[in-house]
Amino acid sequence: MRNISQFTHGTYDLLIVGGGINGAAIAHMAARNGLKVALLEKNDFASGTSSKSTKLIHGGLRYLETFDLDLVRESLRERSFSLRDAPHLVKPLSFIVPVYRGDRKPLWMMRLGVWLYDRLAGKYTIGKHRFIPRDELLGLMPGLRNEGLLGGVSYYDAQMDDARLVLENILSAQAHGAHVANYVEVRSFLKKDGKAAGVLAFDTIGEREFEISARKVICAVGPWTNSLMHKEEGNVPPLVRTTKGIHVVCQGKLSDHALIIPTSQDKRVFFVIPWMGNSLIGTTDTDYTADPDRVAADQEDIDYLFRELRRVFPGGTFKKEKIITIFAGLRPLVHKQGEPAKISRNHVIKQAYSGIIYVIGGKYTTYRKIAEDCLKRIVRSKPLVDTRAGFPVYGSGEITESAQDVARQNGLNVDVAKYLMEFYGTRYIDVLRLIQNNPALKEPLCTCSPAIKAQVVYAIQTEMAVKGEDIIKRRLSLIYRPCRSGECVREIQRLMAQ
Ligand code: FAD
């Protein structure tokens, strides 16, 4: 549960503003290095861009096109670290790229691309690329347009639960002694001799303002960087260029493979990805200059995705009536001119005149490297703990019990036991402990998912969920599953009221 009173004791070595993946990973790594750390998030953890991503831990096949080879190589290495460090949250996934006659990139180029991709991965490769003949491809992707189809290629990348990966970095930071809180907004910075020496914070739940002292302040606020920086540094050029990307989740899973499709209207690609039994489809990439708190998908974004879908699935495999949820996020790209899709996804760590460090750009995939680069700017007296050798998150570790044993010992259905073990990694034990104390908590939450009531109590007690939407969207990921009865929402409200 949130503890606000913890922040008023003494001076922190490091205070991090922003509880997205970058802030969470910096806090986690700093705490592992023995620093006295605080992290403040104005909304819920991961409520910004970090729960609105395509949910891929990937090198990014399309960055080969812009010859961003160092970024691809670095991302592929980080991908293998994430697969090792968060095996319950990051899983290998095979991708298929269909190629049609007249496509911008012919088949030979795609074959070369996936070959190069695996070469760049080197020892970090997770599966071999291959050519897929036309007929096999049509069997793997039901409903795909066959007219003009020449065949395709497949290769491997990884898929993650973005909101939970943030959360597990936050919980790991806390387990290593960091003080963290959601729903605390940083309103301004405290100064000593012209340099930042802490923040003025506002607890939006308790409606109370308080000061926190810190020797160093890091802003990992992604799309909010320009507005926070302007408050502090005056009228300086913007650091971040925000571009909007939307996704829709449609009912039904097309295949166990993800599909990448080059768009016809611009030089981009979009994905159709299996996600929690349904299909995650996205994304767009358009400049956005309004308030980041108000970003939302508009009709034009949705029409764009469905126009592209209809081109490759002419038989109506995906229909707007089957949309379960739509979400929009902002890429906090390093500020540059040019087409949004062509701007590099590299990160930059910048120290301003005030001494505040700003984290700009980057990909979710490179979160460990971003945290490391950031901390290298701060910890100069000793080497950092080598997180390339291991940067495990909260639920990482070996599970020795079988789902059958867990089910038998706790009176659970085997599928529920399996689901809990995959969802929480080694921390499924903490959820089971709640059941042992109160057997009523093993009841299902609703018919729309395998979730049980104990998970709601766990989300409140351990995972710092404050509002119903924290649980529905970011703790239990219920928004990605269609629910007719709405019983899960009502049950969460009942349990929260208790
Ligand atoms: P955020 O997650 O936005 O976190 C910043 C946080 O700061 C927010 O939670 C916000 O509430 C908080 N904050 C702001 N102001 C304050 C304040 N004053 N006080 C306290 N807190 C504050 N990358 C990949 O590697 N793989 C992908 O598949 C992928 N897909 C993407 C798809 C889309 C559509 C988009 C938009 C991005 C995608 N990315 C992907 C990029 C990746 O998601 C981002 O780089 C990453 O999530 C940025 O994290 P962050 O922590 O910097 O920002």
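Our subject is the structure that appears above.
So, a few notes on the structure that sits alongside this text. (Residues numbered from 1 in each chain as written. Predicted model: local features only at pLDDT ≥ 70, side-chain atom pairs only at ≥ 80, totals over all residues. Heavy atoms only, no water.)

### Some details on the pairing of strand β13 (residues 269-275)
Defined as follows: Working definition: with a 1.4 Å probe on protein chains only, accessible area under 20% of the residue-type maximum means buried, over 50% means exposed, and in between means partly exposed. Only DSSP runs of H or I covering at least 4 residues are called helices, and only runs of E covering at least 2 are called strands; the numbering of each starts at the N terminus. Note: two strands are recorded as paired if DSSP finds a minimum of 2 bridges between them.
Counting buried residues along β13, seven of its seven residues qualify, which places the element largely inside the surrounding structure. Taking every second residue as pointing to the same face, both faces of β13 are buried, with Val 269, Phe 271, Ile 273 and Trp 275 on one and Phe 270, Val 272 and Pro 274 on the other. Summarising the sheet, strand β12 (residues 258-262) and β13 pair through four bridges and their orientation is antiparallel. Residue pairing for β13: Ile 260 is matched across the bridge by Phe 271. The turn linking β12 back onto β13 is made up of six residues. Across five bridges, β13 lies against strand β14 (residues 278-282) in antiparallel orientation. Of the residues in β14, the one forming a bridge with Phe 271 is Gly 282. Connecting β13 to the antiparallel partner β14 that follows it, the hairpin turn spans two residues, and Met 276 within it adopts a positive phi of roughly 50°.

### Topic: the nonpolar core
Stated precisely, the cut-off is as follows: The criterion is simple. A nonpolar core is a set of buried Ala, Val, Leu, Ile, Met, Phe, Trp, Tyr and Cys residues joined through side-chain atoms within 4.5 Å. Two residues qualify as a contact provided that any one of their heavy atoms is within 4.5 Å of a heavy atom in the partner residue.
Membership of the largest hydrophobic core comes to 84 residues, with the highest contact counts inside it found for Ile 16, Ile 26, Val 90, Leu 165, Leu 420, Leu 445 and Leu 476. Considering each element in turn, this core owes the most residues, eight residues, to helix α1 (residues 21-32). Discounting chain neighbours no more than four positions away, the residues touching Ile 26 are Leu 14, Ile 16, Ile 218, Ala 220, Val 359, Ala 371, Cys 374 and Leu 375.

### Re the packing of aromatic side chains
Stated precisely, the cut-off is as follows: Stacked, edge-to-face and tilted labels apply to pairs of Phe, Tyr and Trp rings (six-membered ring for Trp) whose centres lie within 6.5 Å, assigned for plane angles under 30 degrees, over 60, and everything in between, in that order. Lysine and arginine charges are scored as sitting over a ring when NZ or CZ, respectively, is within 6 Å of the ring centre and within 35 degrees of the ring normal.
Across all of its chains, the model carries 13 aromatic pairs by this definition. Geometrically, the ring pair formed by Phe 95 and Tyr 155 is stacked, given 5.5 Å between the ring centres and 25° between the ring planes. With a gap of 60 residues between them, Phe 95 in strand β4 (residues 90-100) and Tyr 155 in strand β6 (residues 149-160) connect regions that are remote in the sequence. Arranged with centres 6.2 Å apart and planes meeting at 80°, the rings of Phe 95 and Phe 271 form a pair that is edge-to-face. With Phe 95 in strand β4 and Phe 271 in strand β13, this pair connects stretches of sequence that are 176 residues apart. Judged on exposure class, the residue Phe 95 and its partner Phe 271 are both buried. Through successive ring pairs, a cluster of aromatic residues spans Phe 95, Tyr 117, Tyr 155 and Phe 271. Lying over the aromatic face of Tyr 12, Lys 36 brings its terminal NZ or CZ to 5.2 Å of the ring centre. Sitting over the ring of Tyr 353, Lys 195 keeps its end group 4.2 Å from the ring centre.

### So, α1
Spelled out, the test is: In this scheme, a helix's expected span is set at 1.5 Å multiplied by one less than its residue total.
Helix length check: α1 (12 residues) gives 16 Å between terminal C-alpha atoms against 16 Å at 1.5 Å per residue, within 8%. Of all 12 residues in α1, 11 are buried, a share of seventy percent or more. Inspection of α1 places Ile 21, Asn 22, Gly 23, Ala 24, Ala 25, Ile 26, Ala 27, His 28, Met 29, Ala 30 and Ala 31 among the buried residues, and these make up the whole buried set. Buried residues belonging to α1 abut β1 (11-17), β2 (37-40), α5 (162-175), β10 (208-219), β18 (357-361) and α8 (367-376).

### Here we look at the side chain of Glu 74
Within the secondary structure, Glu 74 is located in helix α2 (residues 69-85). For Glu 74, the contacting residues outside a window of four places in its chain are His 347, Thr 366 and Lys 369.

### Observations concerning the site of the ligand
Going by this rule: If a single non-hydrogen atom of a residue is within 4 Å of a molecule or strand, that residue counts as near it. Identification of polar contacts relies on pairs of N or O atoms within 3.5 Å, with a donor-acceptor requirement for protein atoms, meaning one able to donate a hydrogen and the other able to accept it, and with residues adjacent in sequence counted only if both atoms are side-chain atoms. In this description, accessible areas are obtained by the Shrake-Rupley approach with a 1.4 Å probe, and a residue is regarded as covered only by the protein chains that are shown. When residues are grouped by polarity, Ala, Val, Leu, Ile, Met, Phe, Trp, Tyr, Cys and Pro land in nonpolar, Asp, Glu, Lys and Arg in charged, and all others, Gly among them, in polar.
Not every one of the 37 residues close to the ligand is listed here, only the nearest: Asn 22, Glu 41, Ser 50, Leu 56 and Thr 365. Measuring from a nitrogen atom of the ligand, one finds a backbone N or O atom of Thr 54 at 3.0 Å. When the ligand is considered free in solution it has 1000 Å² of accessible area, and contact with the protein chains removes 96% of it. Elements with a contribution of two residues or more to the shell around the ligand: α1, β8 (184-192), β11 (240-250) and β16 (323-334). Residue composition of the shell around the ligand, grouped by class: 13 nonpolar, 17 polar and seven charged.

### A word on the pattern of salt bridges
This is how it is decided: Take a side-chain nitrogen of Lys or Arg and a carboxyl oxygen of Asp or Glu: if they are within 4 Å of each other, that pair is a salt bridge.
Tallied over the entire structure, the rule returns 41 salt bridges. A salt bridge links Asp 13 to Arg 215; the nearest nitrogen and oxygen atoms lie 3.1 Å apart. Of this pair, Asp 13 sits in strand β1 while Arg 215 is found in strand β10, placing the two residues 202 residues apart along the sequence. Arg 215 gets classed as exposed once you look at its relative accessible area, which sits at 55%. Between Asp 430 and Arg 427 there is a salt bridge, with its nearest N and O atoms 3.6 Å apart.

### Examining a nonpolar patch on the surface
Put simply, the test is: Patch construction takes residues with relative accessible area above 30% that form no salt bridge. Like charges are linked within 9 Å, and nonpolar side chains (Val, Leu, Ile, Met, Phe, Trp, Tyr) are linked within 5 Å.
A grouping of Trp 108, Met 109, Leu 112 and Trp 115 is seen on the molecular surface, where their side chains present a nonpolar patch of about 440 Å² in accessible area. Checked against the element boundaries, Trp 115 lands in helix α3 (residues 107-121). Here Trp 115 falls in the partly exposed class, since its relative accessible area comes to 40%.

### What to know about the packing of helix α10 (residues 414-424) against helix α11 (residues 428-437)
Rules: A fitted line through C-alpha atoms represents every axis, and for helices the fit uses only the stretch in contact; the resulting angles, taken between N-to-C directions, go from 0 to 180 degrees. Comment on the angle field: the value is read as roughly parallel under 35 degrees, roughly antiparallel over 145, roughly perpendicular from 65 to 115, and oblique elsewhere.
Two elements in contact, α10 and α11, have axes separated by 8 Å at closest approach and are oriented at 130°. Considering their axes alone, α10 and α11 lie oblique with respect to each other. In this structure, α10 contributes Leu 420, Met 421 and Tyr 424 to the contact, and α11 contributes Tyr 428, Val 431 and Leu 432. Partitioning the contact of α10 with α11 into residue classes produces six nonpolar, no polar and no charged.

### Brief notes about the packing of α11 against helix α12 (residues 453-461)
Where we set the bar: Handedness of a crossing follows from how the near helix is turned relative to the far one, being left-handed for an anticlockwise turn of less than a right angle and right-handed for a clockwise one.
With their axes 9 Å apart at the nearest point, α11 and α12 run at an angle of 115° to one another. Here α11 is positioned roughly perpendicular relative to α12, judged by the angle of their axes. Classified by chirality, the crossing of α12 by α11 is right-handed. Within the contact between the two elements, α11 uses Asp 430, Val 431, Leu 434 and Ile 435 and α12 uses Ala 454, Gln 455, Val 457, Tyr 458 and Gln 461. Taken together, the residues of the contact of α11 with α12 sort by class into six nonpolar, two polar and one charged.

### Focus: the layout of surface pockets
As a reminder of what qualifies: A pocket, in this scheme, is an open set of points on a 1 Å grid over the protein atoms alone with protein on both sides within 12 Å along at least 5 of 7 lines, while a cavity is a set where a 1.4 Å probe fits but cannot get out; residues line either one if an atom lies within 4 Å of a point. Grid points are joined across faces, edges and corners, and a volume is the space filled by probe spheres set on the points.
Considering only enclosed or pocket space, the second largest pocket measures out at about 610 Å³ in volume. Around the second largest pocket, the lining comprises 21 residues; the ones closest to its centre are His 88, Lys 91, Trp 275, Met 276 and Glu 422. Broken down by secondary-structure element, the contributors of at least two residues to the lining of the second largest pocket are β4, β6, β13 and α10. With four residues, the single largest contributor to the lining of the second largest pocket is α10.

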